Amino acid sequence: MNNLTTQQFEPMISADGRDGNARKAEQLRQQVNETIANTPVFDLHTHLFAPEFGALNLYGIDELLNYHYLIAEFFRYSDLTPEDFWKLEKTRQSDLIWQTLFVENTPLSEATRGVVSVLNSLGLDTRAANLREAREFFSAQKPADYIEKVLKMSRVSDIVMTNDPLDEDEIAVWNGDEKIDSRFHAALRLDRLLNGWAEAVPLMQKQNYRVSKNIDAGTITETRRFLDDWIAKMKPLYLGVSLPDDFLYPEDSGRGKLIKEAVLPVCREHGISLSLMIGVRRRINPALKLAGDGLGRANVSVVSRICQENPDVKFLVTFLSRENQHELCVVARKFSNLMPFGCWWFLNNSSIITEITRERFELLGTSFIPQHSDARVFDQLVYKWSHSRRLIADALFDSYVNLLHDGRHVTRQEIERDAERLFSENFRNWVGLK
Ligand code: FIX
Ligand code: ZN
């Protein structure tokens, strides 16, 4: 009996006249919903910051509306040019985004629905004519209390930040003596090093590393020293980089040399994972700035090559193109030093999360990390996780139903074990956190 759906159970009519398997499925549905809704999440990739980073930590209606996903959508409807948009005050920009995407149009997209979901969860009017009420609400919040409230509402226990060792504002915090909230973990981001070496060189020199544009042996040694020092300072859970769709490994380029001779040896030496986020085409419309990035289909064999050549290094990998997802699952079946994670950015949409999560269950069981939020604004944790939890629960439930049809039921303990693995244990174990 293949391909059974919830409606196609073998009839086992009981005293109350209901099909026995259907009752079991109902109970199972409830258990899965409850467990998935309540299991704490370790959010392994965000752009959020611990409270100690002050102004870098964003929240509130004006930040929510100025999310680059919404800015891109705004230009689908508005006649305003990007140049004129960027000249406006942030509050004026968010007024326009609200008016255009939420008042004059129905907020159907994932990102607009997200704002609706956040407002609704906070008890604010999702059909408001303007932002007055929302602004009043947010300005009355005490930042520290509000963070607690959001973490509680989204049931996020731990957050991994994205930390740039060349960013002046971040450096000041890392060099200060304030202790960083232990729920926030660092991830050492290598984008500026690997994708913008010419600009990275003077910034590294400013930190007293003797590097040059020409990546010679001395520069490699100094880059390794730079990474060693920042690992000691930040204690990151992993090193990470976003890469274009035409990224190759090995690659005959400065980036290829830096990866091979500096980054991979450092990962090996420190026993730290490397996160590869592959497939972004930066600034396909430069006028939109951060909202102007696109994507391309990448070559998944680079991942099998890097995993094969570096069996003693662990890789966290996500691809931005939908077309790369199935191949990534297949490669993960072959390499135990590869952990697929998340439905990144343009994939963080209901239909695509559904598809990717289901194919991952089918090919990898529970040995993957289904989602990260990529939140840039604190409040986004609420919607990003509620959307994903719902879809992950659906996919998990259907997998359990298939198993039931094949002759095995799952216990509540097993459901809880699976949820814990998916939402936190797989990542904790991967990065060696107890
Ligand atoms: O490179 C990344 O980490 C991306 O996630 C971001 O740069 C991107 O702008 C984003 O916010 C996606 O969700
Ligand atoms: Zn990101």
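Please read all numbers here as calculations on a predicted model, not as lab measurements. (Residues numbered from 1 in each chain as written. Chains lettered and ligands numbered in written order. Predicted model: local features only at pLDDT ≥ 70, side-chain atom pairs only at ≥ 80, totals over all residues. Heavy atoms only, no water.)

### Re the overall build of the protein
Link 1 in the chain: When helices and strands are tallied, the protein shows 18 helices and ten strands.
Link 2 in the chain: Computed over the C-alpha atoms, the radius of gyration of the protein is 23 Å, within 12% of the 22 Å expected from 2.2 N^0.38 for a compact globule of 434 residues.
Link 3 in the chain: The dimensions of the protein, computed from C-alpha atoms along their principal axes, are 80 × 55 × 40 Å.
Link 4 in the chain: Taking the intrachain contacts of the protein between residues at least 6 apart in sequence as the baseline, contacts between residues at least 24 apart amount to 74%.
Link 5 in the chain: Accessible surface for the protein amounts to roughly 19700 Å². Of this, 49% is attributable to carbon and sulfur atoms. (Helix = DSSP H or I, 4+ residues; strand = E, 2+ residues; numbered from the N terminus. Rg over C-alpha atoms; globule rule 2.2 N^0.38 Å. Contact = heavy atoms within 4.5 Å. Areas by Shrake-Rupley, 256 points an atom, 1.4 Å probe, with all protein chains shown as cover.)

### Topic: the site of ligand 1
Link 1 in the chain: Taken together, H45, H47, H68, Y69, R189, S242, R282, W344, W345, D374 and R376 make up all the residues around ligand 1.
Link 2 in the chain: A distance of 2.6 Å is found between an oxygen atom of ligand 1 and a side-chain nitrogen or oxygen belonging to R189.
Link 3 in the chain: A distance of 2.9 Å separates an oxygen atom of ligand 1 from a polar side-chain atom of W344.
Link 4 in the chain: About the coverage of ligand 1: the protein hides 98% of its 330 Å² of free accessible area.
Link 5 in the chain: Taken together, the residues of the shell around ligand 1 break down into three nonpolar, four polar and four charged. (Near = heavy atom within 4 Å. Polar contact = N/O pair within 3.5 Å; in protein donor to acceptor, adjacent residues only side chain to side chain. Nonpolar A, V, L, I, M, F, W, Y, C, P; charged D, E, K, R; others polar.)

### Remarks on the side chain of D164
Link 1 in the chain: Secondary-structure assignment places D164 in the loop between β2 (156–160) and α9 (168–175).
Link 2 in the chain: Within the local environment of D164, its side chain forms a polar contact with the backbone nitrogen of L166, the two atoms lying 2.8 Å apart.
Link 3 in the chain: Excluding residues within four positions of it along the chain, D164 makes contact with E170, R189, R192 and M234.

### Quick word on the domain arrangement of the protein
Link 1 in the chain: Per the domain assignment, the segments making up the protein are domain 1 (43–58 + 158–410 + 419–431) and domain 2 (62–139).
Link 2 in the chain: Of note, the centres of domain 1 and domain 2, computed from C-alpha atoms alone, are 28 Å apart.
Link 3 in the chain: On the domain 2 side, the residues contacting the 20 residues of domain 1 number 19 residues.
Link 4 in the chain: Surface buried jointly by domain 1 and domain 2 totals about 1800 Å² across both partners, of which 62% is contributed by carbon and sulfur atoms.
Link 5 in the chain: In terms of residue count, the dominant contributor to the side of domain 1 that touches domain 2 is helix α17 (residues 380–406) (six residues).
Link 6 in the chain: Partitioning the side of domain 1 that touches domain 2 into residue classes produces nine nonpolar, six polar and five charged. (Domains from an automatic or database assignment. Buried area = accessible area lost by both parts, 1.4 Å probe.)

### Overview of the environment of S242
Link 1 in the chain: Positionally, S242 belongs in strand β5 (residues 238–243).
Link 2 in the chain: A relative accessible area of 1% places S242 in the buried class.
Link 3 in the chain: Setting aside chain neighbours within four positions, we find S242 in contact with R189, D191, N195, M277, V280, R282 and W344.
Link 4 in the chain: A polar contact is formed between the side chain of S242 and the side chain of R282, at a distance of 2.8 Å. (Buried < 20%, exposed > 50% of the residue type's maximum accessible area, 1.4 Å probe, protein only.)

### A word on the nonpolar core
Link 1 in the chain: If you look at the biggest cluster of nonpolar residues, it comprises 139 residues, and the most contacted ones within it are L190, L239, L381 and F427.
Link 2 in the chain: Among the elements that line this core, the one with the most residues is α17, at eleven residues.
Link 3 in the chain: When residues of this core are assigned to domains, at least three map to each of domain 1 (43–58 + 158–410 + 419–431) and domain 2 (62–139).
Link 4 in the chain: Apart from the residues lying within four places of it in its own chain, the contact partners of L190 are L227, L239, G240, V241, V263 and L274.
Link 5 in the chain: With six residues, the next largest nonpolar core counts C343, L347, I352 and I356 among its residues. (Core = buried A, V, L, I, M, F, W, Y, C linked by side-chain atoms within 4.5 Å.)

### What to know about unusual backbone geometry
Link 1 in the chain: Note the cis peptide between Y249 and P250, where omega equals -5 degrees.
Link 2 in the chain: Mapped onto the secondary structure, P250 falls in the loop between β5 and α13 (254–270).
Link 3 in the chain: Positive phi, normally seen in glycine, also occurs at K235, with a value near 50 degrees.
Link 4 in the chain: Within the fold, K235 resides in the loop between α12 (217–234) and β5.
Link 5 in the chain: Of note in this structure, W345 is not a glycine but carries a positive phi near 60 degrees.

### Things to note about the coordination of the zinc ion (ligand 2)
Six octahedral donors around a metal ideally subtend angles of 90 or 180 degrees, whereas four tetrahedral donors ideally subtend 109.5 degrees.
Link 1 in the chain: At 2.0 to 2.2 Å from the zinc ion (ligand 2) lie its protein donor atoms, namely H45 (NE2), H47 (NE2) and D374 (OD).
Link 2 in the chain: Sequence spacing among the residues donating to the zinc ion (ligand 2) works out to H-x1-H-x326-D. Placement of H45 in the loop between β1 (41–43) and α2 (61–65) and of D374 in the loop between α16 (350–364) and α17 is noted, with a sequence separation of 329 residues between them. A single burial state applies to H45 and to D374, both of which are buried. (Donors = N, O, S within 2.8 Å, 3.2 Å for Na, K, Ca; no water.)

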